[in-house]
Amino acid sequence: MTALGAVFRPQLAPERLRDVARVAEEAGLEELWLWEDCFLEGGISTAAAALAWTERLRVGVGLLPVPLRNVAVTAMEAATLHRMFPGRAILGVGHGVQDWMGQVGARAESPVTLLREYLLALRALLRGERVTTEGRYVRLDDVALDWPPAQGAEVLAGVTGPRSLGLAGEAADGTILTSVNTPDDVRRARLLIDEGRAAAGRTEPHKVVMYLLAATGPGAAERLRAEQLAEGLEPGPDLGVAGDADTVAKAVRRLAEAGADTVVLQPTGDEPDPEGFVRFAAQQVRPLVD
């Protein structure tokens, strides 16, 4: 069964989050996803608030840029969320936008090396292990969490390139794919992820989360096209969807058939009704997906 979510974009003021989260829960949406884009809103702080304001909604952060965060701090924050809200927090990490990382003096010479070291250390800490490692970027000396998650805590990797997709299969529990991927791109990503899994001898399930740029209501097609052009994309039939619930659901199903386990509807940055968008996803699109 394909899970369905929606994004609360950080272009919205933080004080809008409570209403959107509560509407998402009341409407029966499965997942609400948040972004830690520079320099808008913090991923952990918004996730904690959204989880506290709701009772059943799963809240994802896709993603936390690893150059900005010491891995021990990320582990502490992730473990705290998992213990306070069991089974409801979903955390992804990734390289971050390199220009933004450069702005804050955190750009890594080898982002793939950093992410590999980070994933291995973070997952070990969340398993309750005591970790000592002396990597190129990640250095820990006899570090263990006093309050590790009581249950397992998945760590997803938000990645794009072939090497990073292989690394996600090798060292993460799932992968987050951006909205610039077509169904064929999802199939290719699955192959690269599976190559990484095979190389590491991993056989457990590997979840793929896929963002889908979506617009509905008056002016939907125009808003979608404007956002694609602003992102430097050539508008095409598989790089986003505009239309009614049936049209959006068909696009979701195409991604699910290509290998996405969760599809997260990503509104345009100028979405005029964020609460209405999550209600549309939950009440109109969800029943048509499976």
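See the structure shown above.
Note that the coordinates shown come from a computational prediction; the quantities given were computed from them, not determined experimentally.

How each quantity is defined
Residues numbered from 1 in each chain as written. Predicted model: local features only at pLDDT ≥ 70, side-chain atom pairs only at ≥ 80, totals over all residues. Heavy atoms only, no water. Helix = DSSP H or I, 4+ residues; strand = E, 2+ residues; numbered from the N terminus. Axes fitted to C-alpha atoms, helices over the stretch in contact; angles between N-to-C directions. Parallel < 35°, antiparallel > 145°, perpendicular 65-115°, else oblique. Left-handed = near helix turned anticlockwise from the far one by under 90°. Contact = heavy atoms within 4.5 Å. Nonpolar A, V, L, I, M, F, W, Y, C, P; charged D, E, K, R; others polar. Buried < 20%, exposed > 50% of the residue type's maximum accessible area, 1.4 Å probe, protein only. Core = buried A, V, L, I, M, F, W, Y, C linked by side-chain atoms within 4.5 Å. Phe/Tyr/Trp six-rings, centres within 6.5 Å; stacked < 30°, edge-to-face > 60°. Patch = residues over 30% accessible without salt bridge, like charges linked within 9 Å, V, L, I, M, F, W, Y side chains within 5 Å. Areas by Shrake-Rupley, 256 points an atom, 1.4 Å probe, with all protein chains shown as cover. Salt bridge = Lys/Arg side-chain N within 4 Å of Asp/Glu carboxyl O. Polar contact = N/O pair within 3.5 Å; in protein donor to acceptor, adjacent residues only side chain to side chain.

## Some words on the environment of Gly-94
Here comes step 1: Mapping Gly-94 onto the fold places it in strand S4 (residues 89-94).
Here comes step 2: Remark: the alpha-carbon pair of Gly-94 and Gly-201, spanning 107 residues in sequence, is separated by 22 Å.

## A closer look at the packing of helix H6 (residues 162-171) against helix H7 (residues 183-200)
Here comes step 1: Between H6 and H7, the least distance of the axes is 6 Å, while the angle of their chain directions is 50°. With respect to each other, H6 and H7 are oriented oblique. Here the hand of the crossing between H6 and H7 comes out right-handed. Mapping the contact onto sequence places Pro-162, Leu-165, Gly-166, Gly-169 and Glu-170 in H6 and Ala-189, Leu-192, Ile-193, Gly-196, Arg-197 and Ala-200 in H7.
Here comes step 2: Grouping the constituent residues of the contact of H6 with H7 by class yields six nonpolar, three polar and two charged.

## Focus on the environment of Phe-277
Here comes step 1: Structurally, the position occupied by Phe-277 is in helix H10 (residues 274-289).
Here comes step 2: On the basis of relative accessible area, Phe-277 is assigned to the buried category, the value being 2%.
Here comes step 3: Distance from Phe-277 to Gly-96, taken between C-alpha atoms, is 27 Å for residues 181 residues apart in sequence.

## What about the nonpolar core?
Here comes step 1: By size, the foremost hydrophobic cluster in this structure holds 81 residues, and its most contacted members are Val-93, Leu-119, Leu-265 and Val-285.
Here comes step 2: Broken down by element, the residue count for this core peaks at ten residues, all from helix H5 (residues 111-126).
Here comes step 3: For Leu-119, the residues in contact, after removing those within four places along its chain, are Val-93, Val-155, Ala-157, Leu-167, Ala-171 and Ala-172.
Here comes step 4: The next biggest cluster of nonpolar side chains, apart from the first, holds nine residues, and it includes Trp-33, Ile-176, Val-209 and Val-264.

## Some words on the packing of aromatic side chains
Here comes step 1: According to the stated counting rule, one finds three aromatic pairs in the structure shown.
Here comes step 2: Ring geometry for Trp-33 versus Tyr-211: centroids 6.3 Å apart, planes at 90°, classification edge-to-face. Residue Trp-33 is located in strand S2 (residues 31-34), and its partner Tyr-211 is located in strand S9 (residues 207-215); the two are separated by 178 residues in the primary sequence. In terms of burial, Trp-33 and Tyr-211 fall into one category: buried.
Here comes step 3: Between Trp-35 and Tyr-211 the ring centres are 5.8 Å apart and the planes differ by 75°, which places this aromatic pair in the edge-to-face class. Taken together, the positions of Trp-35 in the loop between S2 and helix H2 (43-53) and Tyr-211 in strand S9 put the pair 176 residues apart, joining distant regions of the chain. Take Trp-35 and Tyr-211: they sit in the same class, and that class is buried.

## Some details on a nonpolar patch on the surface
Here comes step 1: On the surface, a cluster of nonpolar side chains totalling about 270 Å² of accessible area is made up of Phe-39, Leu-68 and Val-104.
Here comes step 2: Of note, Leu-68 is situated in the loop between strand S3 (58-65) and helix H3 (71-84).

## Quick look at the side chain of Thr-54
Here comes step 1: Note on placement: Thr-54 falls in the loop between H2 and S3.
Here comes step 2: When its relative accessible area of 5% is taken as the criterion, Thr-54 is described as buried.
Here comes step 3: Separated by 2.8 Å, the side chain of Thr-54 and the backbone oxygen of Ala-50 make a polar contact.
Here comes step 4: Not counting residues within four places of it along the chain, the set of residues in contact with Thr-54 comprises Ala-21, Arg-22, Glu-25 and Arg-88.

Distances and angles like these do not, on their own, reveal function.
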